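The chain contents come next:
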Amino acid sequence: MVPNTTIYTSQVTIHTSQEKRRVEFDFTVGYAYDIRKMTKIIEHSLSQVEEILQDPPPQILCWGLGSTSLEMRVRWWIHSQRSQEVISRSRAIQAIKEAFDANDIDPTDPQLIYYQKTQNGDEIPEASKSISPNDINTVIEGPSPPEFKIAENDPEAKRTKKDSKDATMLPNE
C-alpha cells in the first residue's frame, strides 16, 4: 500500500508484474469477404509492425455474428511500456487499413436490404418472404473451422507472476 500523500507529492514509478501486455481491437466486415483470406492479410500486416511481438504470435478471432456483418477481434502482445501500446495500436490499425484498401476490403458495417417484386410490381423487403419447411430442414455444411493454437509463450496460457502478492498485502494485525 502506498499512502495518497506519497502519490500526490512524490514521483512514483509503477512496475508491472508482467513483461508483456496484450493489446486488442475489434472491427466489423461484411459477410461477403473470405475470412481465411482476411486472416492472412491481417497476420501479414501485423508482422510488419516492429512493436508487435511475434512470440507469442498475434491472434485474429471471429468474435460475433451481426445482422449484416462479422465482428472480428485482433489481439497481439507488446512489451509492457504504455508507449508501446499506443504506438503499436496506431501502427497496427494503419497497416491493416492500408492492406484492406490494397485488397478491396471495406471494414464497415454494411446495410443490406433485399427487395422482391410482387405480382403487381410493388417491392417488398426480402425478410418478409415466407420460408418453406423444406428450406428450414436443408443443412449445407461449410468447411471445418481452422485450428486455433495458443503458443506456449502466450502469457495467458499460464497464470504465473514474477512477484508474490504477499509483499503487497497488509499483515494481519
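Each chain carries its own residue numbering, running from 1 in the written order of its sequence. Residues qualify for local features only when their pLDDT is at least 70, as the model is predicted, and side-chain atom pairs are given and counted only at 80 or more; totals for whole chains, interfaces and linings, by contrast, use all residues. Side-chain numbers here rest on the full set of heavy atoms in the structure, without hydrogens or water.

## Points about the layout of surface pockets
Phase 1 of the analysis: One number sums up the size of the largest pocket: a volume of about 630 Å³.
Phase 2 of the analysis: If you trace the largest pocket, you find 21 residues lining it, with Thr-39, Glu-43, Ile-60, Glu-147 and Phe-148 closest to the centre.
Phase 3 of the analysis: In this text, helices come from DSSP runs of H or I with a minimum length of four residues, and strands from runs of E with a minimum of two, each type numbered from the N-terminal end. The set of elements that each furnish at least two residues to the lining of the largest pocket consists of α2 (35-47) and β2 (59-65).
Phase 4 of the analysis: It is α2 that provides the largest number of residues to the lining of the largest pocket, a total of six residues.
Phase 5 of the analysis: Each residue belonging to the lining of the largest pocket can be placed in one class, and the counts come to twelve nonpolar, four polar and five charged. A pocket here means an open set of points on a 1 Å grid, computed over the protein atoms alone, that has protein on both sides within 12 Å along at least five of seven lines. A cavity is instead a set of points where a 1.4 Å probe fits but cannot get out; residues with an atom within 4 Å of a point line either one. Grid points are joined across faces, edges and corners, and a volume is the space filled by probe spheres set on the points. Residue polarity follows a fixed list, in which Ala, Val, Leu, Ile, Met, Phe, Trp, Tyr, Cys and Pro are nonpolar, Asp, Glu, Lys and Arg are charged, and the others, Gly among them, are polar.

## Some details on the sheet that holds strand β3 (residues 69-79)
Phase 1 of the analysis: In spatial order, the strands read β1-β3-β2; together these three strands make up an open sheet with antiparallel pairing. A strand with exactly one partner marks an edge of an open sheet, and here the two such strands are β1 (20-30) and β2. The sheet shows a mean angle of 25 degrees between the axes of neighbouring strands, taken without regard to direction.
Phase 2 of the analysis: At least two bridges found by DSSP between two strands are what make those strands a pair. Examined bridge by bridge, β1 and β3 share eleven bridges and lie antiparallel to one another. What sits directly across from Phe-25, in β3, is Val-74. Axis definition: a line fitted to C-alpha atoms, limited for helices to the stretch in contact. Angles are taken between N-to-C directions and run from 0 to 180 degrees.

## Thoughts on α2
Phase 1 of the analysis: Multiplying 1.5 Å by the residue count of a helix minus one yields the expected span of that helix. With 13 residues, α2 extends 18 Å between its outermost C-alpha atoms, agreeing within 8% with the 18 Å of an ideal straight helix rising 1.5 Å per residue.
Phase 2 of the analysis: Where α2 is buried, its residues meet β1, β2, β3 and α3 (82-102).
Phase 3 of the analysis: Of the residues flanking the start of α2, the one acting as N-cap is Asp-34, its side-chain oxygen 2.9 Å from the backbone nitrogen of Arg-36. It only takes one pair of heavy atoms within 4.5 Å for two residues to be counted as in contact. Under this definition, polar contacts are N or O atom pairs within 3.5 Å; protein pairs additionally need one hydrogen-donor-capable and one acceptor-capable atom, and for neighbouring residues in sequence, both atoms have to be side-chain atoms.

## Focus: the packing of α2 against α3
Phase 1 of the analysis: Axis separation between α2 and α3 bottoms out at 9 Å; the angle between their running directions is 135 degrees. Taken together, the axis directions place α2 and α3 in an arrangement best described as oblique. The interaxial crossing formed by α2 with α3 has right-handed handedness. Packed against α2, whose contacting residues are Met-38, Ile-41, Ile-42, Ser-45 and Leu-46, the element α3 presents Ala-92, Ala-95, Ile-96, Ala-99 and Phe-100 at the interface.
Phase 2 of the analysis: Taken together, the residues of the contact of α2 with α3 sort by class into nine nonpolar, one polar and no charged. In these notes the angle categories are as follows: under 35 degrees is roughly parallel, over 145 is roughly antiparallel, 65 to 115 is roughly perpendicular, and the rest is oblique. Two helices crossing with the near one rotated counterclockwise from the far one by less than a right angle form a left-handed crossing, whereas a clockwise rotation gives a right-handed crossing.

## Thoughts on the side chain of Glu-85
Phase 1 of the analysis: If you trace the backbone, Glu-85 turns up in helix α3.
Phase 2 of the analysis: Apart from the residues lying within four places of it in its own chain, the contact partners of Glu-85 are Arg-21, Val-23 and Ile-78.

## Side note on α3
Phase 1 of the analysis: With 21 residues, α3 should cover 30 Å at 1.5 Å per step; its first-to-last C-alpha distance of 31 Å lies within 8% of that length.
Phase 2 of the analysis: For every residue, the accessible area (1.4 Å probe, protein chains only) is compared with the maximum for its type, and the residue is labelled buried under 20%, exposed over 50%, or partly exposed between those bounds. Of all the positions in α3, only Glu-85, Ser-88, Ala-92, Ala-95, Ile-96, Ala-99 and Phe-100 are classed as buried. Looking down the long axis of α3, one finds its buried residues gathered within 130 degrees of arc, a one-sided arrangement.
Phase 3 of the analysis: Against the buried residues of α3 lie β1, α2 and β3. Throughout, the arc means the angular range of directions from the helix axis out to the C-beta atoms.

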